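# Summary of structural features
Below are the chains, spelled out letter by letter.
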Amino acid sequence: MAPMDPHSFTDSMHPLTKHVHLSLYFDFNSKTIDGSVILTLESPYSGDLYLDTRCLKIHGVYDDVSKSFSPSNYIPFLLENPDPIKGSLLRVSLTNQSSFAIIFKTHQSASAIQWLNPAQTAGKKFPYVYTQCQSIHARSIFPCQDTPRARIRYSAVLNIPEQMSSVMSAAHNGRMAPSIGEAKGACPDEKWVMHGRIVEHFSMQQPIPPYLFAFAVGNIVSKEVGPRTRIYSEPCHVLEAAENEFRNTEEMIKQGEKLFGEYEWERFDLLVLPPSFPYGGMENPRLVFLTPTVIAGDLSGGQVVAHELAHSWTGNLSTNATNNDFWLNEGFTTYAERRIVEVVQGEERAALNIGLGCAELKDEMQRFKDNMEFTKLRTNQDGVDPDDVYSSVPYEKGFQFLWRIERQVGRPVFDEFLKKYIRSFKFQSIDTETFLAFLKKNLPGIENEIDLDVWVDGTGIPPDVMEPISTIHDKILSASRDFIAGRILSDEEVSKWQGHEWQLYLESLPKKLTPSQISALDGLFQFSMSKNWDVKVAFLTIVAYSGYKPLFQEIDRCLKEIGRMMYLRQLYPGLLQSDLEEGKSFARRVFEEARDFYHPIAQGVVESLLTKFARDV
């Protein structure tokens, strides 16, 4: 066995999958999916082919050539006992075959899927289901080679209740009555075509890594907001608010094309999900998934959209080969995002964004002080769950590395380098060594000007990291120092501040303040009631670490309303590290009450945090 990825059973000696066809029957009562998947390989293969699965029930594997699921076309398989991180290895015994079908059923606890009851939705009438496959969760939806190295095209038919609709990270090819033969073994034909069901058809023509596979099903409506962009959400106030927040999307796409080349995905649609969605955004091609917390009302949420848009070139088009190289996705994308923001929203806004990133990077150094491996750009994640070590390091240290190269060679030269990099590795998955070789070849002598080893394989923050040159940024940092010295900001000083200014101000304060300081801040600026979630959580994080009990109820409300992991990773550790003994028991009680609201990935992250800090109880 020669694994090509520390988080996948995929063998480097086996042919990779080039196309997947899925037939999926959604059962909202059991919160499971009956499915069939036809995998087509790059070439015929004989022997045991290794596939990734997690908590899937495998009913059978069949030779797809005959399109028959009779015993005579049965292919032997073995599903091994699960690994706690990678799931279960599925061995399929092929005999000179390049295509085969697997019949399976998902589990209620599938790590990629969250099923919401009607009461958990905006309309309270229909259930909802959505996916989050990054980093290694596509395997809980269907058997696959779940590594970014295995780029696939796919087609899918989704059988859902007729009152509902579905969306995917793919082109929508129609909505029609179910027909005999579509199930391809996922369920009996009589179940597939039963009254009250509808089938939606999708296809993805560009090869994508499996973690970008995505769908959502529910009471979903939409509104066109640009020539390439439609916003989807539940039918509620969110749709109109999102239209306003993201009204500059087409301008961002055009700027991205000027900077990085042609947009290759035809559509750039946005789906605003229910508040349990665990990330700020997910760059699923053609259909970005977003948390409603990015809708701040001041256009600042457009920066999250800029980030996910930038992934259309860096991450989706050229992709990290494994999670060890995650910075190739996120460092490049953070750099690209800030270049787009600089043009669309101005240099000061981009600089402020860099300042926030610098603060986050310093916080991560404290988080990983006992395991500095994960402060490197190129990490070793063998035996490590990537969800447990997800951080802003690949984003912010990766950005700083690329910014350092830009400063060394000049922006015009670096822009040409970046365009050539994207062209050269379009629809490919590469590792850090490949990037470094490309860097040295195309910017000769760069290794003599910048210590590449320190940046890529060194721990901590390199000495040539740079803070942004920004008047606003400097004033905010000065104001946070003044607060510690006893001076409160005046209304005039903050009259033009928006969410990012307040967020940087709060995140620049010590994590622990006195009760009188917290009371003064909230009394003057009403942070605990802020409609901007980044600002609100930045303030409540101080409340949590400080053990300020008068506002614990607001933390309780926040943790039960929002499942975004960035916020959970701030508030739960704050409570667990509070000097107030009650903070630890409070955190555990809130999680037990909120657990079912969170996506399975978020549940696992909070459980890890509770375990990590258990020794302090």
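Throughout what follows, the structure given in this document is the object of discussion. (Residues numbered from 1 in each chain as written. Predicted model: local features only at pLDDT ≥ 70, side-chain atom pairs only at ≥ 80, totals over all residues. Heavy atoms only, no water.)

### A few points about the sheet that holds strand β7 (residues 128-131)
Strand pairing in a sheet is mediated by backbone hydrogen bonds. Such pairs are either parallel or antiparallel. Applicable threshold: Should DSSP find at least two bridges between two strands, the strands are taken to pair. Where helices and strands are cited, they refer to DSSP runs of H or I of at least four residues and of E of at least two residues respectively, numbered from the N terminus. Note on method: axes are straight lines fitted to C-alpha atoms, helices fitted across the in-contact stretch only, with angles between N-to-C directions ranging 0 to 180 degrees.
Strand order in the open sheet formed by four strands is β6-β7-β12-β9, with antiparallel pairing between adjacent strands. In this open sheet, the two edge strands, each paired with only one partner strand, are β6 (113-116) and β9 (165-168). Adjacent strand axes in the sheet meet at a mean angle of 10°, parallel and antiparallel pairs treated alike. Here β6 runs beside β7; their pairing, made up of four bridges, is antiparallel. Counterpart to I113 in the pairing with β7 is T131.

### So, the environment of S203
The criterion, for reference: In this analysis, two residues are considered to be in contact whenever any of their non-hydrogen atoms come within 4.5 Å of each other. In protein, a polar contact requires one atom able to donate a hydrogen and another able to accept it; more generally it is a pair of N or O atoms within 3.5 Å, and residues adjacent in sequence count only if both atoms are side-chain atoms.
For S203, the position within the fold is in strand β11 (residues 197-208). Not counting chain neighbours up to four residues away, the residues in contact with S203 comprise Y154, S155, A170, A171 and N173. Side chain to side chain, S203 and N173 meet in a polar contact 2.8 Å long. Only 3.4 Å separates the side chain of S203 from the side chain of Q205, close enough to count as a polar contact.

### Examining helix α2 (residues 237-245)
Worth spelling out the cut-off: The buried label goes to any residue with under 20% of its type's maximum accessible area, the exposed label to any with over 50%, and the partly exposed label to all in between, with areas taken from a 1.4 Å probe on protein chains only. Note that the arc is computed from the directions linking the helix axis to the C-beta atoms.
Looking at α2, one finds that the buried residues are V238, L239, A242 and E245. Looking straight down α2, one finds its buried side chains confined to an arc of 130°; they lie on one side. α2 presents H237 and E240 as exposed residues on the side facing more than 90 degrees away from its buried surface.

### Considering the packing of helix α7 (residues 393-409) against helix α8 (residues 411-424)
The description of two packed helices rests on the angle between their axes and on the distance between the axes. Operational definition: Orientation labels follow simple angle bins: below 35 degrees gives roughly parallel, above 145 gives roughly antiparallel, 65 to 115 gives roughly perpendicular, and whatever is left gives oblique. Gly counts as polar in this scheme, as do all residues outside two lists: the nonpolar Ala, Val, Leu, Ile, Met, Phe, Trp, Tyr, Cys and Pro, and the charged Asp, Glu, Lys and Arg.
At a minimum axis separation of 6 Å, α7 and α8 run at an interaxial angle of 125°. When the axis of α7 is compared with that of α8, the two are oblique. For the pair formed by α7 and α8, the contact residues are L402, I405, E406 and V409 on the first element and R411, V413 and F414 on the second. Tallied by class, residues from the contact of α7 with α8 come to five nonpolar, no polar and two charged.

### Re the side chain of D534
For D534, the position within the fold is in helix α15 (residues 533-546). Among the polar contacts listed, one links the side chain of D534 to the side chain of Y567, at a separation of 2.6 Å. Not counting residues within four places of it along the chain, the set of residues in contact with D534 comprises Q503, R564, M566 and Y567.

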